[in-house]
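# Structural features, examined
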Amino acid sequence: MKKSDVPQDKSSLETGKHKELCYAVDDKGEYTTAKSSGWQPKTIALDNAIQEINDRIAKAKARVLNKETSPIEYYMELHKMDIGILASYVGLFKWQVKRHFKLKRFNKLSEKTLEKYAHVFEISIDQLKDIDYGN
Amino acid sequence: MEINFTHHQTAHCENGVVSNLMKYNGFDVSEPMVFGIGSGLMFCYIPFLKVNYAPAISYRTMPGQIFKRFAKRTGIKIKKEKFKNPQQAEARLIENLEKNNPVGLQVGVYNLVYFPDEYRFHFNAHNLIVYGKQNDNYLISDPVMETVTSLTSKELEKVRFAKGAFAPKGHMYYPIDFPEKLNIESAIIKGIKNTCRDMLAPVPVIGVNGIKYTAKLIRKWPKKKGVKVANHYLGQIVRMQEEIGTGGGGFRYIYAAFLQESSKILNNSKLAELSKEMTVIGDLWRDFALDASRIYKSRSAKDDAYNHVASQLEAIADKEEIFFKELKKAI
């Protein structure tokens, strides 16, 4: 890539006034560095990933409101986690976390376990039980 | 306390931390040199690892390898520590800062508050340098940032003890012993040989073979997985390629810069020629990213569009196969 071709597209980097460093060749063919404000294919890829996550959050929310899953699943999606990551944060096995998605189980959880989840999501136990707080 | 440390922005975090720590210690080593000597360039399709519900592809070696190999090949010694206890981890950090020793840390990205929100995923192999503390704020030199930044002690603890794959466990590292002169020439040769071996490895999912394997999968995705999933997977490839780290094109340009610099140090004109060839290959990776991003943006996902980008990848693989065979011969 030539230095003059280093992309200066609009991207989410711009909101934070960040610029990335790129390696590119100058007119003499020597490698040098240049700053880039973003590149459209990257922005599309990132938007795609964010969209995917937002879809999952919305689906989880609907399932919680339909009483098909516990709020834990909703907060997990909200924090961009999957079951493996959440399990390691709360210090439980994946199958345990999966079980806590069941409303019946969730309603029987001890304060101690609820506190673990609430702590990871940085909310109170009351908020954990009621996803409306998440808005 | 604040160490008199100069921040240089780099394209990639691990190279950047090593290069910046070396410069602090009086050795002017560029980012491409670190990347080349540490044999950072790699391609690996990791079928059993899913990131954001799509298969993972790595365009670089395992986290930590670049520094490890760089140190071994140039003859410096590094000290590495991991901690179970966050208080202990912080105490050791302060101990080092008081001794005027900036340290490298492995951290999780999700809680790095100075990153734009969109960039904050659960990815635990980011690297940064801490070079001081003022009141409750740690002074941070994050190599991918333009300027220095800071994190409160609570924020720093969170990123040092992030959980999940590659959990950093407070991982801290810094060079402790240097030879009088770095063995740059022999280090370059070892670094290049290692990269050629990796890229030409007779393993289906690694190096040139890995690129071909991925191309084959791309052809199958629309039929096998449906348009939506296929698009998501393709998006993930581009995201891992261009955004997480500096991926396909970006890493190839760094490698080309390394070959150009090495050609002067080793007085080997063939390496300068190969540097140009690597730049061309880097451009091809970017063309692939551009075309792939168009597919999932339009959401149309015709089979022939998938076949087109798969063929692009195969062409890249063929070019790289020739390239690394030539590079192997050139040193």
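Everything quoted here is computed from the prediction, not taken from an experiment.

## Section: the packing of aromatic side chains
Residue and element names in this part refer to chain B. Taken as a whole, this structure holds 18 aromatic pairs over all chains when the rule is applied. Centroid distance phenylalanine 35 to tyrosine 255: 6.3 Å. Interplanar angle 80 degrees. Geometry classified as edge-to-face. Separated by 220 residues along the polypeptide, phenylalanine 35 in helix α2 (residues 31–37) and tyrosine 255 in helix α8 (residues 247–265) bring together distant segments of the chain. The pair formed by phenylalanine 35 and tyrosine 255 is uniform in burial state, with each residue classed as buried.

## Examining the sheet that holds strand β5 (residues 126–134) of chain B
All names here are of chain B. Strand order across the open sheet formed by 6 strands is β3-β8-β4-β5-β6-β7, with antiparallel pairing between neighbours. The outermost strands of the open sheet, each flanked by one partner alone, are β3 (77–81) and β7 (149–152). Sheet twist, expressed as the average angle between the axes of neighbouring strands with direction ignored, equals 40 degrees. The pairing of β5 with strand β6 (residues 137–141) spans 5 bridges and is classified as antiparallel. When the bridges of β6 are listed, glutamine 134 appears paired with asparagine 137. Its contacts with the sheet put helix α3 (residues 65–74) on β3 and β8 (172–177), and the angle it makes with β3 is roughly 150 degrees. Each of β3, β4 (103–107), β5, β6 and β8 is contacted by helix α4 (residues 86–98), which is oriented at about 65 degrees to β5, the strand it contacts most.

## What to know about the nonpolar core
Membership of the largest hydrophobic core comes to 89 residues, with the highest contact counts inside it found for Ile192, Ile218, Tyr255, Leu259, Trp285, Phe288 and Leu327 of chain B. Apart from the residues lying within four places of it in its own chain, the contact partners of tryptophan 285 of chain B are Phe43, Tyr59, Ile211, Gln241, Gly248, Gly249, Arg252, Leu313, Ile316 and Glu320 of chain B. Residues Met76, Val97, Phe101 and Val120 of chain A belong to the second largest nonpolar core, which totals 32 residues.

## Focus on unusual backbone geometry
Residues and elements named next belong to chain B. Notably, serine 39 is not glycine yet its phi reads approximately 50 degrees, a positive angle. Note on placement: serine 39 falls in the loop between α2 and β1 (41–51). The phi dihedral of lysine 169 is positive, around 45 degrees, even though this residue is not glycine. Within the fold, lysine 169 resides in the loop between α5 (153–160) and β8. The partly exposed category is assigned to lysine 169, whose relative accessible area is 47%.

## Section: the confidence of the model for chain A
Residue-level pLDDT values for chain A average 91, and 93% of them are 70 or greater. Put simply, helix α1 (residues 12–15) of chain A is where chain A has its lowest mean pLDDT, 63, and helix α5 (residues 94–100) of chain A is where it has its highest, 97.

## Considerations on the layout of surface pockets
Considering only enclosed or pocket space, the second largest pocket measures out at about 660 Å³ in volume. Surrounding the second largest pocket, 22 residues form its lining, Tyr89, His119 and Val120 of chain A together with Lys158 and Phe161 of chain B being those nearest its centre. Examining the composition of the lining of the second largest pocket, we find that 4 residues originate from one element, helix α7 (residues 111–121) of chain A, more than from any other. Classifying every residue of the lining of the second largest pocket gives 9 nonpolar, 4 polar and 9 charged.

What counts, and at which threshold
Residues numbered from 1 in each chain as written. Chains lettered and ligands numbered in written order. Predicted model: local features only at pLDDT ≥ 70, side-chain atom pairs only at ≥ 80, totals over all residues. Heavy atoms only, no water. Phe/Tyr/Trp six-rings, centres within 6.5 Å; stacked < 30°, edge-to-face > 60°. Helix = DSSP H or I, 4+ residues; strand = E, 2+ residues; numbered from the N terminus. Buried < 20%, exposed > 50% of the residue type's maximum accessible area, 1.4 Å probe, protein only. Pairing = 2+ DSSP bridges. Axes fitted to C-alpha atoms, helices over the stretch in contact; angles between N-to-C directions. Contact = heavy atoms within 4.5 Å. Core = buried A, V, L, I, M, F, W, Y, C linked by side-chain atoms within 4.5 Å. pLDDT = per-residue confidence, 0-100. 1 Å grid on protein atoms, 1.4 Å probe; cavity = no way out; pocket = protein on both sides within 12 Å on 5 of 7 lines; lining within 4 Å. Points joined across faces, edges and corners; volume = space filled by probe spheres on them. Nonpolar A, V, L, I, M, F, W, Y, C, P; charged D, E, K, R; others polar.

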